[in-house]
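Structural description and commentary
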Amino acid sequence: MASTSLSSHTRYDVFLSFRGEDTRNSFTDHLYNALLRAGLRTFRDDDEIDRGQEIKPELKNAIRESRASIVVLSKNYADSGWCLDELVLILEQRQNINQFVLPVFYHVDPSDVRNQRHSFSIQGSKWREVKVKQWKVALTEVSNLAGITVSGSETDVISKIVDTVYRKLDLKLLSTPANLTGIQTRAQAIISWLKDEQSNTNIVAVCGMGGSGKTTLAQYIYNSNKQNFESSSFLQDITMHKKQHDGLRGLQKQLLRDVLGGRNDSISNVLEGTCKIEGALEIKRALIVLDDIADPDELIALLGTKKFHAQSKIIITTRHLDMQGWFGPISRTCHMYKLELLNDNESLELLSCHAFGSKIPMEGFEVLALQLAQYCEGNPLALKVLGSSLFVSDRDPHIRHGMIEIWKSTLSSMNSLKGDLDRKIEGILRRSFDSLPLDSHRELFLHIACFFIDEYIDFVINILEDEWHVTAGIRTLFNKCLLTLSPINKLMMHQLLQEMGRKIVREESKDPAKRSIVWNDDDSYRVLRKGKGSDTIEDLALDMRNLKKGTKNVAFSTSSIANMDQLKFLKLRYVELTGPYDDFPELIWLSWQGSPLKTIPDGLLMSSLVAIDMSNGALEKFEPPTLLDCAKIVNLYGCRNLVSVVNLDLIPNLESLILWNCTSLTYICETIGELEKLGLLDLNRCNKLWKNKQLETCLFSIPKSLQVLYLDYCDLNDMPVVLHPQSFFEMSLAGNLFEYLPNNIDLTMLRVLTLSSCPNLKSILCLPSTLQDLYTDWCTSLEKITFQSRRYTLQNFVYEGCFKLSEIQGLFKLVSVSELDESYLGHMKWIKAYQDLKVDLVGDTVTKGRIWHIQMLHEYGIRSIFLPSIKNLTFDDYTSSSAFLSFDVPLHQEKSRIQGLNITCLYRTKGENQVIRGLLVRIVNYTKDLAWLYNPVVHCKPTVDDDVMWLSYWPIGNTLDVGDKVYVTIIEYNELIVNGCGASLVYMDEDGYEIDQQENTENYTKEEEVIGGNLSEFEVAPRHYYLCRRDLFKPMYLGDALNKMLGVKYTGSQGWRKSRKLGNLHASMMEQKTLQGNVHKEIVLGVSFKSEDEAKEIKKMVSSLVGVEIVSTNIQTGRLMVAGLVDPETLANHVREFDKMVEILSVDYIY
């Protein structure tokens, strides 16, 4: 899978750390294969032996070159010095480059790991003391990370691990095939179009036959270019998804979510969705892929008819070659790109990759491979499937000879198929189906093709495992390229393969009642209408809403289903049944959405059921009539008449209970607390449940096994349930009414917390460091968020629409100057005179929708204020009319010490309506090789005519000593003009008071991310810090930008890059050139001066050069020193005009 690197070079997405003797051939092996199936490049050490005292170099490299690490902490993990050394290095990578680390507690107690008890007790006599101390710290640290505890079904745990890692690395990256033969040459033209900002069209349509690689090409282009756009979206298999109930509206929701950055907009109908999409595409520079467009109505619904953002790009894949006419009615142009099939050489390479595991045929197969490759006529799907079905795995001559005979037989049978390429491909696909090793694998393929496409893999495994040992079967289908997995773990299949599978079932009989699977609604209607039953049907689906127009809506007799002895999977939508259920078949999956039943009749729910879906029905009471010890999933979503759920103890193995939008629900039996395997409980919008008087005295008890709890829009003022989770869990409380986070939640076990749209929520205090994701968007009363550790530790944070939010501990704090005492302001107290002045603050989502008066920004310990239309810099000790100044720290009073440094600047914009991306301020202590580059989270929006003054105080006195050389630069980039800057030192007397004024400075701990505290995550090179929490530059330019602005080799540390789900701010190529030109330098030239007069004359000339700030000469040593914005070679050429031999001795970049 393509991936976005955390550093300059990554080879793997995931590094697996585990104790071989504990889990190598069991849990870790299954996890490794699941990661590979999800498209994640995973490193696993295949060496069984725990050799020596030092970790192998290749393991060290693999850890450093991975984007994430999974640490499987099992019973004997701490017995291995090798494992513990791996763990130390993994945590170093977490510290240095923000590598995602996921601990998995495999049948061990996290508290044992944390406290080094039992099997995690490290004996000091066995190891060196320094190692033991290091390992104990590492075990404590990893145990405090949000992880996953293995309990219950390992399959479910593995699915959760894969999903977690996938989401953390990048939700939107798409899995692409391993062998992308010919993809680069075919992508080149479209990638050039993507980069062409002057192109006269925003849309390209990739046209080609089924299986030709259109979707793969689009995925490849999307993965390699999405980072260059403000937002991106890939809508896959549109034709298939359109047929589903939510259809185009569901696709519109996904598109809006992607383009608008995760916001969930409600859409009541397709027309409303189109209108919202038009608004989003007008303002967002987006890359959008619409995969498998089949008719113009889909285009209009998903793109609308209005203009896009000028730099947006739309890629469409389609089988239609005549799409051009579709764009006329919507006044758009589209460039048609007909995808070329593979040539003979490319075909042979792709076939060989799948048949032999190499790019060339195995010896003895050369002619056969070429003939079979030519037979496929360049169709990648046919080549892939055919090659996989003829895989040669053994190089033994006798076995190889047998395979050659099989290849000859295959070629002979293929040549007997006459006709066009479509028929040939169909024959190839059928051959791959026939080559499946077991009957159960062929049966599984057909059930998935007809019934389970687009279902979650863990759901399918749950309901099919006992019947077909589906885990092994699905692995075989993956290996044969007959099945794939979507990024969100849904089963997917190429449309040609699905059509082939359904054709095989149709060929069983002309009479649908004599087939094994009936998925077509009209066929199912006729079978049930006849009422004769069936001896062969195992799966049956009927959605009354999809029947042909004019079909009579009738109630069917239950006997028509009861007479289907083999029926295992029944999927009904808005179907009415009449009669008794006494002889109802023993189903594995009952999905009866829109059922008219008010109660559960005897005989309907049998002990064989694994999953029950009665969503959107008329149920008033859910009461299992008998023991359902196989049932794992109960879905009653949208049963608005449901009042009570009772006898849950009759479903002892229940894992998921979905009661979302059961708006009349008032009672759930207390036995829910006894369900030891319940992992998910969804009570969204069950607002009447909490108004039950019984709950006033008896709080709702939740089982300790719970991992996900949804309580959105329940009108809660407090937390009505008791939570004592045993492992990390996720909770959503969106849309509720409380003012403060309820205190009966064990926050220490919380990993994801959603509080979106809680209108009364005022503050969220003391969040634990284990919390990874926090969503508070549209909490319009929210003012303050703090953390237990006093540090910002979140990995994902959304706070759009929080119009009163002014403090996020560890991020920033905004305080109105009118609320600050003069004693607090100290030497800046004169600002009080401007406290009622309005200021247009921009730069962060927190500034939107608010009218500001003068604010003080606290960030990294730096305090700053923006004042519009102020031009006086006379209060500074050191001033410059440019963006650069320098000074030497002077002697000061004996009984005083330097407390900090004031920095000011005046800036404006170059033109009207120009967007600047904030200030970039650089302070360098040249003497101590110490530097900070700071980008304030907010800034005052400037104008063309008036300067904005930025005043800041930096508490860096402990880093400044007499004689230190200090450089201050306000970097001019983008559309920013700096008209002057200033600096002055602030002193404090021996009693802790600012000279002439009292100063109430804030006390920061070493743990906080402030100047003077712990800035290690912002250290991009030794003693050089990048104080910024957003992507100010494109990833491809970031290293160069920081290298130039900080004057050091960028190490790749990205701890500063803590996502808050904000729009990325990127620098363009022009900005990069601007940055390069605006780098200050100290240049030393070797010049032989004849006299002092000549030296003065040369100095005068050099001083007149544009960009020169400081010039000095030393006649004795023959040195000319120059500082400023000047090119060294240009400077040397000017000095050579004095007929001088000039040598450039050194150039130091001063940032």
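Small disclaimer: the values here were computed from a predicted structure and weren't measured.

**So, the overall build of the protein chain**
When you go through the protein chain residue by residue, the secondary structure sums to 29 helices and 56 strands. Pairs at least 24 apart in sequence give 63% of the contacts found in the protein chain among residues at least 6 apart. Working note: accessible area of the protein chain is about 48,400 Å², and carbon and sulfur atoms make up 47% of it.

**Some thoughts on the pairing of strand E33 (residues 784-787)**
Taken together, the 3 bridges between strand E31 (residues 763-767) and E33 define a ladder with parallel strand orientation. Directly across from Ser-763, in E33, lies its bridge partner Lys-784. Note: E33 against strand E35 (residues 807-808), 2 bridges, orientation parallel. Considered in E35, the bridge of Ile-785 is made with Ile-808.

**Comments concerning the sheet that holds E31**
Read across the open sheet, the 10 strands follow the order E31-E33-E35-E36-E40-E41-E48-E44-E50-E42; overall the sheet is mixed. Edge positions in the sheet fall to E31 and strand E42 (878-880), since each has one partner strand and no second. In this sheet, strand E50 (residues 976-989) lies alongside E42 in antiparallel orientation, the contact comprising 3 bridges. Bridge pairing in E50 links Thr-879 to Gly-982.

**Focus on the pattern of salt bridges**
If you walk through the whole model with that rule in mind, you get 22 salt bridges. Taking the shortest distance from any N to any O, the salt bridge between Asp-13 and Arg-67 comes out at 3.4 Å. Pair noted here: Asp-13 is in strand E1 (residues 12-17) and Arg-67 is in strand E3 (residues 66-73), with a separation of 54 residues, a long-range link. For Glu-141, the salt bridge identified is with Arg-94, shortest N-O distance 3.6 Å. You can see Glu-141 sitting in helix H6 (residues 129-143) and its partner Arg-94 sitting in helix H4 (residues 81-97), a full 47 residues away along the chain. Overall, the relative accessible area of 29% leaves Arg-94 in the partly exposed class. Connected via shared salt-bridge partners are Arg-430, Asp-434 and Glu-507.

**Quick look at the sheet that holds strand E22 (residues 644-645)**
Pairing is parallel in the open sheet, where 3 strands are placed in the order E20-E22-E24. This sheet does not close on itself; its edge strands, each paired only once, are strand E20 (621-622) and strand E24 (667-668). Two elements, E20 and E22, share 2 bridges in a ladder whose sense is parallel. Considered in E22, the bridge of Phe-622 is made with Val-645.

**As for the nonpolar core**
Residues Leu-659 and Trp-954 are the most contacted members of the largest nonpolar core, which totals 160 residues. With 7 residues, the top contributor of residues to this core is E50. Apart from the residues within four sequence positions on either side, Trp-954 is in contact with Ile-862, Gly-900, Leu-901, Ile-903, Val-921, Ile-923, Trp-932, Tyr-934 and Ile-1011. Residues Met-240, Trp-407, Ile-517 and Ile-633 belong to the second largest nonpolar core, which totals 69 residues.

**Brief notes about the confidence of the model for the protein chain**
Scored by pLDDT, the protein chain has a mean of 82; 85% of the residues are at 70 or more. Per-residue pLDDT stays below 50 along residues 995-1002; that stretch engages in 23 contacts with residues further than four places along the chain or on separate chains.

**A closer look at the side chain of Ser-231**
Position of Ser-231 among the secondary structure elements: in strand E7 (residues 231-235). In contact with Ser-231, not counting residues within four places along its chain, are Asp-258, Val-259, Lys-284, Arg-285, Ala-286 and Leu-287.

**Some words on the packing of aromatic side chains**
A complete count under the given rule lists 27 aromatic pairs for this structure. A ring pair is formed by Tyr-860 and Tyr-934, whose centres lie 5.9 Å apart and whose planes are at 85°; its orientation type is edge-to-face. One end of the pair, Tyr-860, is in the loop between strand E40 (855-859) and strand E41 (862-868); the other, Tyr-934, is in strand E46 (residues 930-934), and 74 residues separate them in sequence. On the numbers, 5.4 Å between centres and 80° between planes, the contact of Tyr-860 with Phe-1018 is edge-to-face. You can see Tyr-860 sitting in the loop between E40 and E41 and its partner Phe-1018 sitting in the loop between E50 and strand E51 (1019-1021), a full 158 residues away along the chain. A residue is classified by how much of its surface remains accessible, and Phe-1018, at 0% relative accessible area, is buried. Site record: aromatic cluster; members linked through ring pairs are Tyr-860, Phe-866, Tyr-934, Trp-950, Trp-954 and Phe-1018. Geometry around Tyr-824 places Arg-863 over its ring, the cationic atom sitting 5.1 Å from the centre.

**Concerning unusual backbone geometry**
Excluding glycine, residues mostly carry a negative phi; peptide bonds, for their part, are mostly trans. Even without being glycine, Asn-661 reaches a positive phi, approximately 65°. Along the chain, Asn-661 turns up in the loop between strand E23 (656-658) and E24. Judged by relative accessible area, which is 12%, Asn-661 ranks as buried. Of note, Ser-757 is a non-glycine position whose phi angle comes to about 60°, a positive value. Within the secondary structure, Ser-757 sits in the loop between strand E30 (750-754) and E31. We classify Ser-757 as partly exposed; its relative accessible area is 26%.

**Description of the environment of Pro-742**
Assignment of secondary structure puts Pro-742 in the loop between strand E29 (729-732) and E30. According to the relative accessible area criterion, Pro-742 is buried, its value standing at 7%. Discounting chain neighbours no more than four positions away, the residues touching Pro-742 are Asp-718 and Met-719.

**Quick notes on the packing of helix H20 (residues 457-468) against helix H21 (residues 470-479)**
At their nearest, the axes of H20 and H21 sit 8 Å apart, and the two run at 115° to each other. Across from Ile-457, Val-460, Ile-461, Leu-464, Glu-465 and Trp-468 in H20, the residues of H21 making contact are Val-470, Thr-471, Ile-474 and Phe-478. Here the residues of the contact of H20 with H21 sort into 8 nonpolar, 1 polar and 1 charged.

**Things to note about helix H16 (residues 380-389)**
Of all 10 residues making up H16, 9 are buried, and the element is well covered by its neighbours. Among the residues of H16, those classed as buried are Pro-380, Leu-381, Ala-382, Leu-383, Val-385, Leu-386, Gly-387, Ser-388 and Ser-389. Regarding H16, its N-cap is Asn-379, as a side-chain oxygen of that residue lies 3.1 Å from the backbone nitrogen of Leu-381 further along.

**As for a negative patch on the surface**
Residues Asp-649, Glu-670, Glu-674 and Glu-676 make up a contiguous surface patch of negative charge. In this fold, Glu-670 is placed in the loop between E24 and strand E25 (680-682). Using a relative accessible area of 56% as the deciding quantity, one classes Glu-670 as exposed.

**Section: the pairing of E3**
The element E3 is extensively covered by neighbouring structure, given that 8 of its 8 residues are classed as buried. Inspection of the sheet shows E1 paired to E3 by 5 bridges, in the parallel sense. Paired with Tyr-12 across the strands is Ser-66, a residue of E3. Relative to strand E4 (residues 100-106), E3 runs parallel, the two sharing 6 bridges. Bridge pairing in E4 places Val-72 opposite Val-104.

**Here's the deal with helix H3 (residues 57-64)**
Residues of H3 that are buried include every one of Leu-59, Ala-62 and Ile-63, and no others. All buried residues of H3 fall inside an arc of 100° around its axis, so they share one side. Each element contacted by the buried residues of H3 is listed here: E1, strand E2 (42-43), E3 and H4.

**Side note on the environment of Leu-765**
Among the structural elements, Leu-765 can be located in strand E31. Taking the relative accessible area as the measure of exposure, Leu-765 reaches 42% and is therefore partly exposed. It is 4.8 Å that separates the C-alpha atoms of Leu-765 and Thr-786, two residues lying 21 residues apart in sequence. The contact partners of Leu-765, leaving out residues within four places of it in the chain, are Lys-784 and Thr-786.

Quick notes on the rules
Residues numbered from 1 in each chain as written. Predicted model: local features only at pLDDT ≥ 70, side-chain atom pairs only at ≥ 80, totals over all residues. Heavy atoms only, no water. Helix = DSSP H or I, 4+ residues; strand = E, 2+ residues; numbered from the N terminus. Contact = heavy atoms within 4.5 Å. Areas by Shrake-Rupley, 256 points an atom, 1.4 Å probe, with all protein chains shown as cover. Pairing = 2+ DSSP bridges. Salt bridge = Lys/Arg side-chain N within 4 Å of Asp/Glu carboxyl O. Buried < 20%, exposed > 50% of the residue type's maximum accessible area, 1.4 Å probe, protein only. Core = buried A, V, L, I, M, F, W, Y, C linked by side-chain atoms within 4.5 Å. pLDDT = per-residue confidence, 0-100. Phe/Tyr/Trp six-rings, centres within 6.5 Å; stacked < 30°, edge-to-face > 60°. Lys NZ or Arg CZ within 6 Å of the ring centre and 35° of its normal. Axes fitted to C-alpha atoms, helices over the stretch in contact; angles between N-to-C directions. Nonpolar A, V, L, I, M, F, W, Y, C, P; charged D, E, K, R; others polar. Polar contact = N/O pair within 3.5 Å; in protein donor to acceptor, adjacent residues only side chain to side chain. Patch = residues over 30% accessible without salt bridge, like charges linked within 9 Å, V, L, I, M, F, W, Y side chains within 5 Å. Lys, Arg positive; Asp, Glu negative; His and termini not counted. Charge placed at Lys NZ, Arg CZ, Asp CG, Glu CD. Arc of directions from axis to C-beta.

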